[in-house]
Amino acid sequence: MSVKSNYLQEFQYLMPTKIIFKPGALSELSTLKIQMGKKPFVVTGKYSSKMNGALEKVMEVFPNAVVFDDVEENPSTETCDRAGQLCRDSQCDWLIGIGGGSPLDVSKVVAGLATNEGKCEHYFGRDLFYNPPLPILAIPTTAGTGSEVTPYAVITNTRSNTKQTIADSKIFPEIALLDPTLTLTLPHRITLSTGLDALSQSMEGLVSKKANPVSDCLAQESCKLIFKWLPKVLAQPNDMEGRYWLLYASLLSGIVIAQTGTTLVHALGYYYTLNYNVPHGIANALFLIPMFKRNIVFLPEKLRFIIDFLEEEYDREHPEMSIKKALLRFFKNIDFPHTADSWGVLDNQLKLFAKHLSSDSYRFRNQYGEFSMDEIYSIFRESFET
Ligand code: NAP
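These figures come from a predicted structure and were not determined experimentally.

Caption draft 1: A look at the site of the ligand. Residues in close proximity to the ligand total 31 residues, the closest being S48, S102, D105, T142 and T150. Taking N52, its side chain carries an N or O atom lying 3.4 Å from a nitrogen atom of the ligand. Starting from 930 Å² of accessible surface for the ligand in isolation, the protein chains cover 90%. Looking at the shell around the ligand, the elements that each hand over two or more residues are α4 (101–113), β7 (152–157) and α5 (188–207). With five residues, α4 is the single largest residue contributor to the shell around the ligand. Looking at the shell around the ligand, its residues break down into nine nonpolar, 16 polar and six charged.

This is the structure we're talking about:
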């Protein structure tokens, strides 16, 4: 049964981050006159920001910065605590996050831990930082998470082996500096994974119970840009125009989920990331067909543009088949193996995952429809289907 359009709804829209989007911006960092305190604490990953020169450019402008360069993928609570301690000990008074979603998220947690008592795990939940966190300059180097414009930090709680979120409007970065030239060094696999992450975020934003007219507009645009440019950039990694639009689409996807949150696609994907090390964006993409076959039943008219844009026939009686065909066409176009076993996932724990997910009501808060444990199990199973 379809749900009513929510265009007469009341809504609020908070996006306090100043966005500077400029190819080559990092090379001209000194001219931007960004100064949010006396001593910055830089949070970055282990290698990429050194290899592509991003860290060096930041250090040239802020030579007194203290650097924490030990952020892993799917960063842990321990990493956040270590970085938080170093930031406090070195008395830094603002943050610079450089890298993919992982370092940007850690920079947000550190910003909060620097001014609040306790450890990372105490802040999972919503709006739990009491004192204002330190201000953050976020410099994304992947085109996928939009973390530079969201109030979330997604962290692996090693105690429970789950990915959990700190959501706090006080950790929106103060400035997001987006320089698409920084994404030119992304290898094929990460371009694919992060592009699919941005697509998942925008598609999920469209079907979230918290969607509103502004987020819908941005989400549609983001989806179209990814459908258009991801195939081109995967074929031509130095396509600067394509890199520009993919980073822009990722930015839009972040502005969208900052309002709408994510839905079951993300909740399902976490099991494959945590148990089989499937990259975050790939793990989400494995569930796009199983979930959007279901989502389109609730919101057929809203999702129709995807089918039209991907030049698939719209079957009014069976829109679920149309969206499946459209997404399959796109996946073929980007050469994405869309079955879970292609990414090393085994099917012997799916019942366990389904049981665990079904018992976590938080994961269903933005999702239309009722999902029994058997239905969740079917969705996991369908991620193996060709
Ligand atoms: P990532 O985990 O930050 O980085 C993935 C890999 O890409 C790392 O090996 C990294 O190397 C490398 N890399 C980054 N930039 C590069 C560049 N320009 N050139 C070459 N290699 C580069 O990946 P991500 O997909 O951007 O972030 C995923 C994380 O963000 C997940 O934990 C996810 O849950 C979270 N997330 C957060 C939000 C939010 O709103 N806060 C939204 C979506 C997802 P180094 O480690 O050496 O840097």
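Caption draft 2: Main features of the sheet that holds strand β3 (residues 66–71). Taken together, the six strands give an open sheet; going across it, the order is β1-β9-β6-β4-β2-β3, and neighbouring strands pair in parallel fashion. If you trace the sheet from one side to the other, it starts and ends with β1 (18–21) and β3, each paired once. When strand polarity is set aside, the average angle formed by the axes of neighbouring strands in this sheet is 15°. Relative to strand β4 (residues 94–99), strand β2 (residues 40–45) runs parallel, the two being bridged by five bridges. Considered in β4, the bridge of P40 is made with W94. Most of the contacts of helix α2 (residues 54–61) go to β4, to which it runs at about 155°, and overall it touches β2, β3, β4 and β6 (136–140). Of the strands in this sheet, β2 and β3 touch helix α3 (residues 77–89), which is tilted by about 175° from β3.

Caption draft 3: Local environment of the sheet that holds strand β8 (residues 162–167). Strand order across the open sheet formed by three strands is β5-β8-β7, with mixed pairing between neighbours. Strands at the two margins of the open sheet, each flanked by one partner only, are β5 (125–126) and β7. Judged from the six bridges that link them, β7 and β8 form a sheet pairing that is antiparallel. Paired with I155 across the strands is Q164, a residue of β8.

Rules and cut-offs
- Residues numbered from 1 in each chain as written.
- Predicted model: local features only at pLDDT ≥ 70, side-chain atom pairs only at ≥ 80, totals over all residues.
- Heavy atoms only, no water.
- Near = heavy atom within 4 Å.
- Polar contact = N/O pair within 3.5 Å; in protein donor to acceptor, adjacent residues only side chain to side chain.
- Areas by Shrake-Rupley, 256 points an atom, 1.4 Å probe, with all protein chains shown as cover.
- Helix = DSSP H or I, 4+ residues; strand = E, 2+ residues; numbered from the N terminus.
- Nonpolar A, V, L, I, M, F, W, Y, C, P; charged D, E, K, R; others polar.
- Pairing = 2+ DSSP bridges.
- Axes fitted to C-alpha atoms, helices over the stretch in contact; angles between N-to-C directions.
- Contact = heavy atoms within 4.5 Å.

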